[in-house]
Amino acid sequence: MNLNSLMSKIEALLFVVGDDGMTAKQLSQLLEVEVMEIEAALSELKTYYDEAEDRGLALKTLAGTYQLTTKPELADTIKKLVENPNSQVLTTASLEVLAIIAYKQPITRTEIEDLRGVKSERPIQTLVSRALVQEIGRAEGTGRAILYGTTKEFLNYFGLKDIDELPPLPEGTAEDENEETDLFMTKFQETFNSTK
C-alpha cells in the first residue's frame, strides 16, 4: 500500500473513532500493515498537519494512542459553536437516551438500545460531547461494555444538587405501555383481518 493511501485510511479511522483514538498496533491489525509502516505514515501525517497552517486539525499522541484533534489556536472559533444556543437543542432521541441514563445509571449502550428498540450510538455521542453524560466504568463480563452515567454538568443544567432529586417516574408506566401496545395490536389485527 502506498504512503498516501495509508495516510488517508489512518486519517479516516482516527476521525471516525474520535476521542477514543487508536494505537499503532490497532491500526496495523485493522489495515493489515506492519506497525513500522503505520508509524511512518503517522509521522508523515503529523508533519503534514503541523506544517499546514491552513488546516484546522492536528495529530496528537496521548499514552500511545493517536487522536485527531483541533488546533489549539482555533479554540475561540470552536467556543462560538459550543456557546451558540441553536447548537444546544437536543433531539428527541438524545432526550430519550438522557432520561434513560439518568434513571437507570450505570447503564451500557446495549441496555439503552434494548429499552429504546433502536440504535443509540449517535445520541450518546451527542450527550458525551455536551458533557451531560460520561463513561463511568466498565461492565463485568464479556466485552466489558462501557457504563454511562450523568455528569455534574447534567446536575447543573437541570438545577439538581444530586441525582436523587430527579422527579420520580410515574407509577405503572410499564403496565400502561403494555396495555397501549396490546390495544394497538388488537386494533391492528382487527383492521388487518377485516381487509382480507
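Just so you know, these numbers come straight off a predicted model, no measurement behind them. (Residues numbered from 1 in each chain as written. Predicted model: local features only at pLDDT ≥ 70, side-chain atom pairs only at ≥ 80, totals over all residues. Heavy atoms only, no water.)

We now examine the sheet that holds strand β5 (residues 133-138). One open sheet accounts for three strands, arranged β4-β6-β5; its pairing is antiparallel. The sheet is open, and its two borders are formed by β4 (107-108) and β5, each paired with just one other strand. (Pairing = 2+ DSSP bridges. Helix = DSSP H or I, 4+ residues; strand = E, 2+ residues; numbered from the N terminus.)

Overall, the coordinates contain three aromatic pairs when judged by the stated rule. Aromatic pair Phe154 and Phe158: ring centres 4.9 Å apart, planes at 50°, arrangement tilted. Relative accessible area serves as the criterion here: at 3%, Phe154 is assigned to the buried category. Ring geometry for Tyr157 and Phe158: centres 5.0 Å apart, planes at 75°, overall edge-to-face. When its relative accessible area of 41% is taken as the criterion, Phe158 is described as partly exposed. An aromatic cluster is built from Phe154, Tyr157 and Phe158, whose rings are joined through pairwise contacts. (Phe/Tyr/Trp six-rings, centres within 6.5 Å; stacked < 30°, edge-to-face > 60°. Buried < 20%, exposed > 50% of the residue type's maximum accessible area, 1.4 Å probe, protein only.)

In this section: a nonpolar patch on the surface. A cluster of nonpolar residues, Ile78, Leu81 and Val82, forms a patch on the protein surface that exposes about 260 Å² of accessible area. Checked against the element boundaries, Val82 lands in helix α4 (residues 75-83). (Patch = residues over 30% accessible without salt bridge, like charges linked within 9 Å, V, L, I, M, F, W, Y side chains within 5 Å. Areas by Shrake-Rupley, 256 points an atom, 1.4 Å probe, with all protein chains shown as cover. Salt bridge = Lys/Arg side-chain N within 4 Å of Asp/Glu carboxyl O.)

To continue, consider the layout of surface pockets. Roughly 1,600 Å³ of volume is contained in the largest pocket. If you go around the largest pocket, you meet 34 residues; those closest to its centre are Asp19, Gln125, Thr126, Val128 and Ser129. Looking at the lining of the largest pocket, the elements with two or more residues in it are α1 (3-17), β3 (65-70), α4, α6 (109-116), α7 (121-129), β5, β6 (146-150) and α8 (152-157). For the lining of the largest pocket, the element with the highest residue contribution is α7, accounting for seven residues. Across the lining of the largest pocket, the residue classes tally to 16 nonpolar, ten polar and eight charged. (1 Å grid on protein atoms, 1.4 Å probe; cavity = no way out; pocket = protein on both sides within 12 Å on 5 of 7 lines; lining within 4 Å. Points joined across faces, edges and corners; volume = space filled by probe spheres on them. Nonpolar A, V, L, I, M, F, W, Y, C, P; charged D, E, K, R; others polar.)

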